[in-house]
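# Tertiary structure, described
Each chain, letter by letter, is given below.
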Amino acid sequence: MTIDLPTPDQPLNIGTRGSPLALAQAYETRERLSKAFDLPFEAFNIVVIKTTGDDRTLIDADRPLKEIGNKGLFTKEIEEAMLEGRIDIAVHSMKDMPVAQPEGLMLDCYLPREDVRDAFISHNVTRIADLPSGAIVGTSSLRRRAQLMNRRPDLNVVEFRGNLQTRLKKLEDGVASCTFLAMAGLNRLKMDDVPKTAIETDDMLPAVAQGAIGIERRVNDERAAQMLAAIHDTPTGQRLAAERAFLEALDGSCETPIAGLAELDGDTLRLRGEVLRPDGSEAHADEISGPIANGAEMGKTLARTLLDRAGPGFFDWHGA
Ligand SMILES: NCc1[nH]cc(CCC(=O)O)c1CC(=O)O
C-alpha cells in the first residue's frame, strides 16, 4: 500500500513534552524522517504538550516523584492527544514509558540508542570512590539512590528534583557535592561543559531502556506505520524487547528500584538485571544470555530468578 507523504499543508504532527531534552529528541525524529523521505522540515509540525509531570501547579516540586506515582505521569496527555488525532506520532524517552500502551496505540519504532550509562557529576571529585564519608549526594532516582546506598551506606542522599538545569544549579550552589544524570541526556543536549564521568555498567546498572527514544503511533495509522518503519533501529528494538519484558515480569511498583540492560554480541543477547530495596540494604543481581530472538522470554526468566532470590515480601516493602 502506498501512502500519501505529509506536506507543508498537511504536515505530520509530532507530539512531545516541552523540556529541552524532549524537544531535542523531537527534532532528531523530524530530521531522521525528513532525510528518509526527502521532505522539507515544513512537512512536520512539532506540537508541545504539557503533561501532569510537567505541571508545577499539579506537582509540588519538593515532593518525591515516587510519592506522586509515575505510571504515565509524562505520557497521559500526549496519548490523549494522539487518540483524538491532534498529533500523529509521539516521541518519548523509553525510560519513562509504562510497559503497556493504551488501547489503540502502539510502539514499534526506536531510534539508535545513545550511551546507556549514568554520569557522575561533581565539581569536587571524579569518582564515587573518592567521595568522603558523609558526603551529600543529590538524586531523585530511586534506583540510583538504592544502588549508591548499597555500595556506600556512609553517604547521605538528598532529594534532587527539577530539570537538568535546575539540578546543575543546585550543585553549583553547594546543596550537594555530586549528582547523577543519564549520559544520553547530556549528549543529546550537547552539554559538554558539565563536569561528568561516565559510570561503567558493571558499577551502576542503568534503568531499563535508558538512552532509548521510542516513537508511539496509532495502531491503525498506516502512514505513520510506514514512515516510522523507515527510521526504526532493529538492534535497539531487540534490546528493549528483552529489557521491557524483564520489567513487566517484575511488575515492580514505582517503589521498587530496578535496573536492567541488554547488549548484543553477534547473534547473542546478554541481559543483566538488578532489584534492590529502596534503602540499598539488599540487592539481587544476575544475568542471562541466549539467542536474540528469545529476548522477551529471557527477560521473564531473569525476572523469575531475581523474584525467587529476593523472596516473598521484597516488593511490598515500604521502608523509611
Ligand atoms: N526520568 C527522567 C529522564 N528520562 C530520560 C532521561 C535521560 C535520557 C535517557 O535516558 O534517554 C532522564 C533524565 C536523567 O535520568 O538524567
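Each residue is numbered by its place in its chain's sequence as written, counting from 1. Reporting of local features is limited, given that this is a predicted model, to residues whose pLDDT is at least 70; pairs of side-chain atoms are given and counted only at 80 or more, and all residues count toward the totals for whole chains, interfaces and linings.

Our focus in this paragraph is the overall build of the protein chain. Helix and strand labels come from DSSP, where a helix needs a run of H or I of at least four residues and a strand needs a run of E of at least two; each type is numbered from the N terminus. When helices and strands are counted, the protein chain shows 9 helices and 13 strands. Since a compact globule built from 320 residues should have a radius of gyration of about 20 Å, the 20 Å found for the protein chain is in line with a globular shape. With the C-alpha coordinates of the protein chain rotated into their principal frame, the extents come out at 60 × 45 × 35 Å. Within the protein chain, buried positions represent 38% of all 320 residues. With the radius of gyration taken over C-alpha atoms, the globule rule is written as 2.2 Å times the number of residues to the power 0.38. Whether a residue is buried, exposed or partly exposed is read from the other C-beta atoms within 10 Å of its own C-beta, which are placed from the backbone; 20 or more gives buried, 12 or fewer gives exposed, and intermediate counts give partly exposed.

Relative to the helices and strands, Arg-188 is located in helix H6 (residues 183-188). Looking at Arg-188, the number of C-beta atoms within 10 Å reads 22, which means it is buried. Distance from Arg-188 to Asp-96, taken between C-alpha atoms, is 16 Å for residues 92 residues apart in sequence. Whether two residues are in contact depends on their C-beta atoms, placed from the backbone: they are in contact if these lie within 7 Å. If sequence neighbours within four positions are ignored, Arg-188 has contacts with Leu-21, Ala-24, Gln-25 and Glu-114.

If you look at soluble globular proteins, the nonpolar side chains tend to sit buried side by side. Any set of buried Ala, Val, Leu, Ile, Met, Phe, Trp, Tyr and Cys residues joined through C-beta atoms within 7 Å is what this text calls a nonpolar core. Ile-89, Ala-119, Ala-242, Phe-246 and Leu-271 are the most contacted members of the largest nonpolar core, which totals 72 residues. For this core, the leading source of residues is helix H8 (residues 234-250), giving 7 residues. For Leu-271, the residues in contact, after removing those within four places along its chain, are Ala-242, Phe-246, Gly-260, Ala-262, Glu-287, Ile-288, Met-298, Gly-299 and Leu-302.

Here we come to helix H9 (residues 295-310). Helix span, as expected, comes to 1.5 Å for every residue beyond the first. With 16 residues, H9 should reach 22 Å at 1.5 Å per residue; the first-to-last C-alpha distance of 22 Å fits that figure. Looking only at H9, the buried set comprises Gly-295, Met-298, Gly-299, Leu-302, Ala-303 and Leu-306. Seen along its axis, H9 keeps its buried residues to an arc of 140°; they face one direction. Residues of H9 that are exposed and point over 90 degrees away from its buried face: Arg-304 and Asp-308. Considering only its buried residues, H9 is in contact with H8, strand E11 (258-265), strand E12 (268-276) and strand E13 (283-291). Positive phi appears at Gly-311, one or two residues downstream of H9, with a value of about 85°. Working note: the arc is built from the helix axis to C-beta atom directions.

Glancing now at the site of the ligand. The C-beta atom of each residue is placed using the backbone, and any residue whose C-beta lies within 6 Å of a molecule or strand is treated as near it. Near the ligand the following residues occur: Ser-93, Lys-95, Asp-96, Leu-181, Ala-182, Ala-184, Gly-185, Gln-210 and Gly-211. When contributions to the shell around the ligand are tallied by element, the ones reaching two or more residues are strand E8 (178-182) and H6. Class assignment for the residues of the shell around the ligand results in 3 nonpolar, 4 polar and 2 charged. The residues that make up the shell around the ligand include at least three from each of domain 1 (12-113 + 212-232) and domain 2 (118-199). In the scheme used here, Gly and all other residues not listed as nonpolar or charged are polar, with Ala, Val, Leu, Ile, Met, Phe, Trp, Tyr, Cys and Pro taken as nonpolar and Asp, Glu, Lys and Arg as charged. Domain start and stop positions are those given by an automatic or database domain assignment.

A few words on the sheet that holds strand E5 (residues 118-121). Whenever strands of a sheet pair, they do so through backbone hydrogen bonds, lying parallel or antiparallel. Only strands that DSSP links by at least two bridges are regarded as paired with each other. The 5 strands lie next to each other as E7-E6-E8-E5-E9, forming an open sheet whose pairing is mixed. Lying at the two open borders of the sheet, with one neighbouring strand each, are strand E7 (156-158) and strand E9 (196-199). The average angle at which neighbouring strand axes cross in this sheet is 30°, direction not considered. Note that E5 and E8 share 4 bridges and pair antiparallel. Bridge assignment links Ile-121 to a residue of E8, and that residue is Thr-179. Of the strands in this sheet, E5, strand E6 (136-138), E7 and E8 touch helix H4 (residues 142-151), which is tilted by about 170° from E7. A fitted line through C-alpha atoms represents every axis, and for helices the fit uses only the stretch in contact; the resulting angles, taken between N-to-C directions, go from 0 to 180 degrees.

We now examine the domain arrangement of the protein chain. Many analyses report the size of an interface as the accessible area lost when the parts associate. Domain annotation of the protein chain identifies domain 1 (12-113 + 212-232), domain 2 (118-199) and domain 3 (243-305). For domain 2 and domain 3, the distance between their C-alpha centres works out to 24 Å. Considering only residue class, the side of domain 2 that touches domain 3 consists of 5 nonpolar, 2 polar and 1 charged.

With 4 of its 5 residues buried, strand E1 (residues 12-16) lies for the most part within the structure. The pairing of E1 with strand E2 (residues 44-48) spans 5 bridges and is classified as parallel. Bridge pairing in E2 places Asn-13 opposite Asn-45. By convention, a crossover is right-handed whenever its connection, traced from the first strand over the helix to the second and viewed with the strands pointing away, goes clockwise. Traced from E1 through helix H1 (residues 20-37) to E2, the parallel crossover comes out right-handed. Two elements, E1 and strand E3 (residues 89-93), share 2 bridges in a ladder whose sense is parallel.

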